Amino acid sequence: MSILVYLDNAATTKPCTEAVNAVTAAMTEHFGNPSSLHRAGLDAQLAVDGARKIIADSIGADVNSVYFTSGATESNNLALRGISAAYGKKCRKIVISAVEHASVEETAADLEKKGFEIVRVSPREDGRLYAADFVNACDENTCMISMMYVNNETGYILPVKETFTAVKRRYPHIITHSDCVQAYMKLPVKVNTLCADLVSLSGHKIHAAKGVGVLYIKKGVRVLPVVTGGKQEKGIRSGTESVPLICGMGAAAEKLCPTIKERYERLSQLKAYMLDKISGIENVVVNSPEDASPYVVNISVVGKRSEIMLHFLESKGIYVSSGSACSKGQQSGVPAQFGITGKRADGALRISMSAETDENEIDLLADALAEGVEKVRG
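Conventions and cut-offs
Residues numbered from 1 in each chain as written. Predicted model: local features only at pLDDT ≥ 70, side-chain atom pairs only at ≥ 80, totals over all residues. Heavy atoms only, no water. Helix = DSSP H or I, 4+ residues; strand = E, 2+ residues; numbered from the N terminus. Contact = heavy atoms within 4.5 Å. Expected span 1.5 Å × (residues − 1). Buried < 20%, exposed > 50% of the residue type's maximum accessible area, 1.4 Å probe, protein only. Arc of directions from axis to C-beta. Core = buried A, V, L, I, M, F, W, Y, C linked by side-chain atoms within 4.5 Å. Axes fitted to C-alpha atoms, helices over the stretch in contact; angles between N-to-C directions. Parallel < 35°, antiparallel > 145°, perpendicular 65-115°, else oblique. Left-handed = near helix turned anticlockwise from the far one by under 90°. Nonpolar A, V, L, I, M, F, W, Y, C, P; charged D, E, K, R; others polar.

A word on the environment of Ile206. Mapped onto the elements, Ile206 comes out in the loop between β7 (198-202) and β8 (213-217). Along the chain, Ile206 and Asn9 lie 197 residues apart, while their C-alpha atoms are 9.1 Å from each other. For Ile206, the contacting residues outside a window of four places in its chain are Thr13, Tyr184, Met185, Met249, Ala252, Ala253 and Leu256.

As a further point, take helix α9 (residues 260-278). With 19 residues, α9 should reach 27 Å at 1.5 Å per residue; the first-to-last C-alpha distance of 27 Å fits that figure. Among the residues of α9, Ile260, Arg263, Leu267, Leu270, Lys271, Met274 and Ile278 are the ones counted as buried. Seen along its axis, α9 keeps its buried residues to an arc of 110 degrees; they face one direction. Every exposed residue of α9 that faces more than 90 degrees away from the buried side is listed here: Lys261, Glu262, Gln269 and Asp276. Of the surrounding elements, those touching the buried residues of α9 are α8 (243-256), β9 (284-286), β10 (296-301), β12 (348-352) and α13 (359-375).

Among soluble globular proteins, nonpolar side chains are generally buried collectively. Judged by nonpolar contacts, the single largest core of 66 residues is most densely connected at Ile55, Tyr184, Leu201 and Met249. The leading source of residues in this core is α8, at nine residues. If you look at the next biggest cluster of nonpolar residues, it comprises 30 residues, including Val5, Ile278, Leu313 and Ile318.

Turning to the packing of α9 against α13, a few remarks are in order. Look at α9 against α13: their axes get within 10 Å of each other, and the N-to-C directions meet at 25 degrees. One element, α9, and the other, α13, form an angle in the roughly parallel class. Taken as a pair, α9 and α13 cross one another with a handedness that is right-handed. Along its contact with α9, which presents Leu270, Tyr273, Met274, Lys277 and Ile278, the element α13 presents Glu359, Ile362, Asp363, Leu365, Ala366 and Leu369. Partitioned by chemical class, the residues of the contact of α9 with α13 number eight nonpolar, no polar and three charged.

Rendered as C-alpha coordinates:
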(Lines give C-alpha, C1' and ligand atoms only; values in the text may rest on other atoms or scores of the structure.)
Protein backbone atom coordinates (compact mmCIF):
# COMPACT_ATOMS: atom_id res chain seq x y z
CA MET A 1 0.00 0.00 0.00
CA SER A 2 1.50 3.33 -1.07
CA ILE A 3 1.39 6.32 1.24
CA LEU A 4 -1.64 8.48 0.55
CA VAL A 5 -1.59 10.53 3.74
CA TYR A 6 1.58 10.94 5.80
CA LEU A 7 0.77 12.16 9.31
CA ASP A 8 3.84 11.03 11.23
CA ASN A 9 5.94 14.15 10.86
CA ALA A 10 6.93 14.18 14.53
CA ALA A 11 8.83 10.97 13.81
CA THR A 12 10.47 12.27 10.66
CA THR A 13 9.73 14.63 7.80
CA LYS A 14 10.09 14.27 4.06
CA PRO A 15 13.26 16.08 2.96
CA CYS A 16 12.48 19.26 1.04
CA THR A 17 13.85 19.90 -2.45
CA GLU A 18 16.25 22.54 -1.13
CA ALA A 19 17.76 20.10 1.37
CA VAL A 20 18.10 17.33 -1.22
CA ASN A 21 19.80 19.70 -3.66
CA ALA A 22 22.17 20.96 -0.97
CA VAL A 23 23.08 17.40 0.03
CA THR A 24 23.71 16.43 -3.60
CA ALA A 25 25.83 19.53 -4.25
CA ALA A 26 27.92 18.89 -1.15
CA MET A 27 28.51 15.26 -2.13
CA THR A 28 29.52 16.12 -5.68
CA GLU A 29 31.12 19.56 -5.38
CA HIS A 30 32.28 19.91 -1.76
CA PHE A 31 33.34 16.33 -1.05
CA GLY A 32 36.64 17.23 0.60
CA ASN A 33 37.40 16.71 4.28
CA PRO A 34 36.81 20.03 6.09
CA SER A 35 39.97 19.42 8.12
CA SER A 36 42.18 19.10 5.04
CA LEU A 37 44.42 22.08 4.31
CA HIS A 38 44.05 22.04 0.52
CA ARG A 39 41.40 23.81 -1.58
CA ALA A 40 38.94 20.91 -1.55
CA GLY A 41 39.07 20.87 2.24
CA LEU A 42 38.62 24.63 2.42
CA ASP A 43 35.59 24.49 0.12
CA ALA A 44 34.01 21.85 2.36
CA GLN A 45 34.74 23.92 5.47
CA LEU A 46 33.21 27.02 3.89
CA ALA A 47 30.06 25.02 3.10
CA VAL A 48 29.83 23.89 6.74
CA ASP A 49 30.44 27.44 7.94
CA GLY A 50 27.62 28.70 5.74
CA ALA A 51 25.15 26.24 7.20
CA ARG A 52 26.37 27.01 10.72
CA LYS A 53 25.65 30.72 10.20
CA ILE A 54 22.15 30.04 8.86
CA ILE A 55 21.26 27.94 11.89
CA ALA A 56 22.91 30.33 14.33
CA ASP A 57 20.98 33.27 12.88
CA SER A 58 17.73 31.31 13.04
CA ILE A 59 18.01 30.89 16.82
CA GLY A 60 19.58 34.28 17.52
CA ALA A 61 22.92 32.77 18.48
CA ASP A 62 26.56 33.57 17.92
CA VAL A 63 27.88 31.46 15.06
CA ASN A 64 30.69 30.15 17.25
CA SER A 65 28.15 28.67 19.68
CA VAL A 66 26.66 26.17 17.19
CA TYR A 67 28.09 22.64 17.19
CA PHE A 68 27.06 19.92 14.75
CA THR A 69 26.27 16.40 15.98
CA SER A 70 24.75 13.26 14.50
CA GLY A 71 21.28 14.23 15.74
CA ALA A 72 19.30 15.42 18.72
CA THR A 73 19.84 12.20 20.67
CA GLU A 74 23.58 12.86 20.62
CA SER A 75 23.00 16.55 21.34
CA ASN A 76 20.92 15.69 24.42
CA ASN A 77 23.50 13.16 25.59
CA LEU A 78 26.29 15.68 25.09
CA ALA A 79 24.34 18.31 27.01
CA LEU A 80 23.61 16.16 30.07
CA ARG A 81 26.83 14.16 30.13
CA GLY A 82 29.02 17.10 29.18
CA ILE A 83 27.57 19.39 31.84
CA SER A 84 27.54 16.74 34.56
CA ALA A 85 31.21 15.97 33.82
CA ALA A 86 32.17 19.65 33.85
CA TYR A 87 30.21 20.76 36.92
CA GLY A 88 29.28 17.53 38.68
CA LYS A 89 32.12 17.43 41.20
CA LYS A 90 30.56 20.26 43.19
CA CYS A 91 26.91 20.08 42.14
CA ARG A 92 25.35 16.64 42.02
CA LYS A 93 21.69 17.35 41.25
CA ILE A 94 19.98 17.54 37.86
CA VAL A 95 16.35 18.61 37.47
CA ILE A 96 14.33 17.52 34.43
CA SER A 97 10.67 17.38 33.50
CA ALA A 98 8.99 14.00 33.81
CA VAL A 99 7.85 14.16 30.17
CA GLU A 100 11.23 14.37 28.43
CA HIS A 101 12.24 12.45 25.33
CA ALA A 102 13.94 9.12 26.03
CA SER A 103 17.33 10.57 25.06
CA VAL A 104 17.09 12.90 28.06
CA GLU A 105 15.25 10.59 30.46
CA GLU A 106 17.48 7.57 29.88
CA THR A 107 20.65 9.64 30.00
CA ALA A 108 19.50 11.13 33.29
CA ALA A 109 18.70 7.64 34.57
CA ASP A 110 22.24 6.52 33.69
CA LEU A 111 23.72 9.51 35.53
CA GLU A 112 21.50 8.61 38.47
CA LYS A 113 23.19 5.22 38.64
CA LYS A 114 26.51 7.05 38.75
CA GLY A 115 25.59 9.01 41.85
CA PHE A 116 23.74 12.05 40.57
CA GLU A 117 20.45 13.02 42.15
CA ILE A 118 17.83 13.28 39.42
CA VAL A 119 14.64 15.17 40.25
CA ARG A 120 11.78 14.66 37.81
CA VAL A 121 9.08 17.32 37.96
CA SER A 122 5.64 16.07 36.94
CA PRO A 123 2.62 17.98 35.67
CA ARG A 124 0.05 18.98 38.27
CA GLU A 125 -3.46 17.54 38.30
CA ASP A 126 -4.48 19.93 35.53
CA GLY A 127 -1.89 18.33 33.25
CA ARG A 128 0.36 21.37 33.19
CA LEU A 129 3.90 22.05 34.33
CA TYR A 130 4.67 25.14 36.40
CA ALA A 131 7.87 27.16 36.72
CA ALA A 132 7.48 27.34 40.50
CA ASP A 133 7.70 23.57 40.82
CA PHE A 134 11.03 23.54 38.98
CA VAL A 135 12.41 26.40 41.03
CA ASN A 136 11.42 24.58 44.22
CA ALA A 137 13.13 21.43 42.97
CA CYS A 138 16.43 23.28 42.48
CA ASP A 139 19.00 24.25 45.10
CA GLU A 140 22.65 25.24 45.39
CA ASN A 141 23.63 21.62 44.66
CA THR A 142 21.92 21.66 41.24
CA CYS A 143 24.20 21.81 38.19
CA MET A 144 21.58 21.86 35.43
CA ILE A 145 17.92 21.80 34.48
CA SER A 146 16.56 20.27 31.28
CA MET A 147 13.11 20.98 29.89
CA MET A 148 11.88 20.27 26.37
CA TYR A 149 10.03 23.04 24.54
CA VAL A 150 7.30 20.97 22.85
CA ASN A 151 6.39 17.49 23.99
CA ASN A 152 6.83 15.05 21.13
CA GLU A 153 3.87 12.84 22.10
CA THR A 154 1.15 15.37 22.92
CA GLY A 155 2.30 18.67 21.46
CA TYR A 156 2.10 20.27 24.91
CA ILE A 157 4.15 23.50 24.99
CA LEU A 158 6.23 23.60 28.15
CA PRO A 159 6.90 26.88 30.01
CA VAL A 160 10.60 27.00 29.15
CA LYS A 161 11.07 30.76 29.14
CA GLU A 162 9.23 31.28 32.44
CA THR A 163 10.98 28.36 34.11
CA PHE A 164 14.53 29.12 32.99
CA THR A 165 14.16 32.81 33.79
CA ALA A 166 12.88 32.04 37.30
CA VAL A 167 15.60 29.45 37.92
CA LYS A 168 18.36 31.78 36.75
CA ARG A 169 16.99 34.58 38.92
CA ARG A 170 17.34 32.48 42.07
CA TYR A 171 20.25 30.22 41.08
CA PRO A 172 22.40 31.95 38.44
CA HIS A 173 24.93 29.10 38.41
CA ILE A 174 22.46 26.49 37.11
CA ILE A 175 22.92 25.56 33.44
CA THR A 176 19.66 25.52 31.45
CA HIS A 177 19.08 23.07 28.58
CA SER A 178 16.10 22.71 26.26
CA ASP A 179 15.37 19.96 23.76
CA CYS A 180 13.77 22.10 21.04
CA VAL A 181 13.41 19.36 18.44
CA GLN A 182 9.62 19.60 18.04
CA ALA A 183 9.63 23.39 18.32
CA TYR A 184 12.41 24.37 15.90
CA MET A 185 11.03 25.88 12.69
CA LYS A 186 7.49 25.52 14.08
CA LEU A 187 7.69 28.02 16.95
CA PRO A 188 10.17 30.87 17.30
CA VAL A 189 13.23 29.40 19.05
CA LYS A 190 15.51 32.20 20.26
CA VAL A 191 18.13 31.18 22.81
CA ASN A 192 18.20 34.51 24.65
CA THR A 193 14.41 34.75 24.85
CA LEU A 194 14.25 31.22 26.29
CA CYS A 195 17.12 32.00 28.68
CA ALA A 196 18.70 28.76 27.49
CA ASP A 197 22.39 27.96 27.87
CA LEU A 198 22.07 24.83 25.75
CA VAL A 199 19.60 23.95 22.97
CA SER A 200 19.27 20.70 21.01
CA LEU A 201 18.02 20.63 17.40
CA SER A 202 17.46 17.91 14.80
CA GLY A 203 17.73 17.98 11.02
CA HIS A 204 15.21 15.33 10.04
CA LYS A 205 12.39 17.05 11.94
CA ILE A 206 12.68 20.15 9.72
CA HIS A 207 12.65 18.47 6.29
CA ALA A 208 16.39 17.81 6.16
CA ALA A 209 18.11 14.41 6.19
CA LYS A 210 18.49 12.04 9.11
CA GLY A 211 21.87 11.89 10.83
CA VAL A 212 22.53 15.54 11.63
CA GLY A 213 21.71 17.71 14.62
CA VAL A 214 22.93 20.72 16.57
CA LEU A 215 23.83 21.57 20.12
CA TYR A 216 23.92 25.28 20.88
CA ILE A 217 26.30 26.04 23.76
CA LYS A 218 26.31 29.54 25.19
CA LYS A 219 29.72 31.19 25.32
CA GLY A 220 31.34 30.62 28.70
CA VAL A 221 29.48 27.38 29.46
CA ARG A 222 31.82 24.40 29.92
CA VAL A 223 30.79 21.17 28.20
CA LEU A 224 33.22 18.27 28.31
CA PRO A 225 33.19 16.15 25.14
CA VAL A 226 31.60 12.73 25.02
CA VAL A 227 33.13 11.73 21.67
CA THR A 228 36.91 12.21 21.57
CA GLY A 229 39.62 11.60 19.03
CA GLY A 230 39.99 14.78 17.02
CA LYS A 231 39.70 18.53 17.06
CA GLN A 232 36.54 18.88 14.97
CA GLU A 233 33.86 21.26 16.26
CA LYS A 234 36.53 22.87 18.44
CA GLY A 235 37.07 19.60 20.27
CA ILE A 236 33.50 19.45 21.56
CA ARG A 237 32.45 16.75 19.09
CA SER A 238 35.23 14.80 17.39
CA GLY A 239 34.71 13.06 14.06
CA THR A 240 34.77 14.27 10.47
CA GLU A 241 31.80 16.53 9.88
CA SER A 242 29.11 15.20 7.53
CA VAL A 243 29.26 18.06 5.07
CA PRO A 244 26.28 16.92 2.96
CA LEU A 245 23.93 16.44 5.92
CA ILE A 246 25.02 19.71 7.51
CA CYS A 247 24.44 21.61 4.25
CA GLY A 248 21.02 19.98 3.92
CA MET A 249 20.02 21.09 7.40
CA GLY A 250 21.19 24.61 6.66
CA ALA A 251 19.19 24.71 3.43
CA ALA A 252 16.03 23.45 5.14
CA ALA A 253 16.38 26.00 7.94
CA GLU A 254 16.96 28.79 5.44
CA LYS A 255 13.78 27.84 3.58
CA LEU A 256 11.54 27.48 6.64
CA CYS A 257 12.71 30.30 8.90
CA PRO A 258 10.91 33.19 7.16
CA THR A 259 7.50 31.44 7.32
CA ILE A 260 7.35 30.19 10.93
CA LYS A 261 4.47 32.46 11.94
CA GLU A 262 2.55 31.96 8.71
CA ARG A 263 2.81 28.17 8.89
CA TYR A 264 1.83 28.10 12.57
CA GLU A 265 -1.34 30.04 11.83
CA ARG A 266 -2.26 27.76 8.92
CA LEU A 267 -1.61 24.62 10.94
CA SER A 268 -3.72 26.02 13.78
CA GLN A 269 -6.62 26.37 11.34
CA LEU A 270 -5.99 22.88 10.00
CA LYS A 271 -5.93 21.44 13.52
CA ALA A 272 -9.28 23.09 14.26
CA TYR A 273 -10.65 21.61 11.05
CA MET A 274 -9.44 18.14 12.04
CA LEU A 275 -10.86 18.34 15.54
CA ASP A 276 -14.22 19.33 14.09
CA LYS A 277 -14.12 16.43 11.60
CA ILE A 278 -13.37 13.79 14.25
CA SER A 279 -15.56 15.24 16.99
CA GLY A 280 -18.57 13.15 16.01
CA ILE A 281 -16.71 9.82 15.77
CA GLU A 282 -17.76 7.43 18.52
CA ASN A 283 -15.23 6.84 21.32
CA VAL A 284 -12.64 9.23 19.86
CA VAL A 285 -11.26 11.64 22.46
CA VAL A 286 -8.57 14.31 22.16
CA ASN A 287 -5.66 14.05 24.60
CA SER A 288 -3.65 17.12 23.57
CA PRO A 289 -4.49 20.37 25.36
CA GLU A 290 -6.24 23.08 23.36
CA ASP A 291 -3.17 25.33 23.37
CA ALA A 292 -0.75 22.60 22.30
CA SER A 293 1.37 22.92 19.17
CA PRO A 294 -0.90 22.44 16.15
CA TYR A 295 1.73 20.24 14.58
CA VAL A 296 1.10 17.37 17.05
CA VAL A 297 -2.36 16.10 18.02
CA ASN A 298 -2.75 13.12 20.34
CA ILE A 299 -6.11 11.31 20.29
CA SER A 300 -7.45 8.04 21.63
CA VAL A 301 -9.89 5.60 20.10
CA VAL A 302 -11.16 4.23 23.38
CA GLY A 303 -11.64 0.49 23.31
CA LYS A 304 -9.41 -0.03 20.25
CA ARG A 305 -5.74 -0.82 20.77
CA SER A 306 -3.56 1.76 19.11
CA GLU A 307 -1.36 -0.74 17.26
CA ILE A 308 -4.38 -2.41 15.66
CA MET A 309 -5.93 0.90 14.66
CA LEU A 310 -2.55 2.13 13.40
CA HIS A 311 -2.28 -0.82 11.02
CA PHE A 312 -5.89 -0.44 9.90
CA LEU A 313 -5.13 3.16 8.94
CA GLU A 314 -1.95 1.99 7.25
CA SER A 315 -4.03 -0.40 5.13
CA LYS A 316 -5.84 2.70 3.89
CA GLY A 317 -2.55 4.42 3.06
CA ILE A 318 -2.71 6.68 6.11
CA TYR A 319 0.37 6.80 8.32
CA VAL A 320 0.20 7.91 11.96
CA SER A 321 1.99 6.64 15.08
CA SER A 322 1.10 5.27 18.48
CA GLY A 323 3.66 7.45 20.27
CA SER A 324 7.32 8.38 20.03
CA ALA A 325 9.07 6.56 17.18
CA CYS A 326 12.09 6.09 19.44
CA SER A 327 10.03 3.91 21.77
CA LYS A 328 9.56 1.29 19.02
CA GLY A 329 5.86 0.94 19.80
CA GLN A 330 6.34 0.61 23.56
CA GLN A 331 4.54 3.05 25.84
CA SER A 332 7.03 5.60 27.13
CA GLY A 333 5.25 6.54 30.34
CA VAL A 334 4.82 10.13 29.15
CA PRO A 335 1.05 9.85 28.43
CA ALA A 336 0.43 8.76 32.03
CA GLN A 337 2.17 11.93 33.24
CA PHE A 338 -0.49 13.89 31.38
CA GLY A 339 -3.30 11.79 32.84
CA ILE A 340 -3.71 9.56 29.80
CA THR A 341 -4.14 6.11 31.35
CA GLY A 342 -6.12 2.89 31.02
CA LYS A 343 -8.08 2.40 27.80
CA ARG A 344 -7.26 5.95 26.70
CA ALA A 345 -3.54 5.12 26.82
CA ASP A 346 -4.09 1.77 25.10
CA GLY A 347 -5.89 3.50 22.24
CA ALA A 348 -3.66 6.55 21.85
CA LEU A 349 -2.61 7.71 18.39
CA ARG A 350 -0.32 10.60 17.50
CA ILE A 351 -1.23 12.61 14.42
CA SER A 352 1.58 14.96 13.41
CA MET A 353 1.25 17.32 10.50
CA SER A 354 3.53 19.42 8.34
CA ALA A 355 3.09 22.49 6.19
CA GLU A 356 2.27 20.14 3.29
CA THR A 357 -0.76 18.62 5.05
CA ASP A 358 -4.10 19.75 3.61
CA GLU A 359 -7.82 19.46 4.33
CA ASN A 360 -8.31 16.63 1.85
CA GLU A 361 -5.85 14.50 3.79
CA ILE A 362 -7.66 15.30 7.02
CA ASP A 363 -10.94 14.24 5.38
CA LEU A 364 -9.38 10.90 4.44
CA LEU A 365 -8.09 10.44 7.98
CA ALA A 366 -11.49 11.20 9.54
CA ASP A 367 -13.29 8.82 7.18
CA ALA A 368 -10.77 6.05 7.89
CA LEU A 369 -11.01 6.60 11.65
CA ALA A 370 -14.80 6.34 11.51
CA GLU A 371 -14.54 3.15 9.46
CA GLY A 372 -11.96 1.73 11.82
CA VAL A 373 -14.17 2.34 14.84
CA GLU A 374 -16.84 0.23 13.14
CA LYS A 375 -14.65 -2.54 11.76
CA VAL A 376 -11.62 -2.94 14.04
CA ARG A 377 -11.91 -5.26 16.98
CA GLY A 378 -10.25 -4.05 20.17
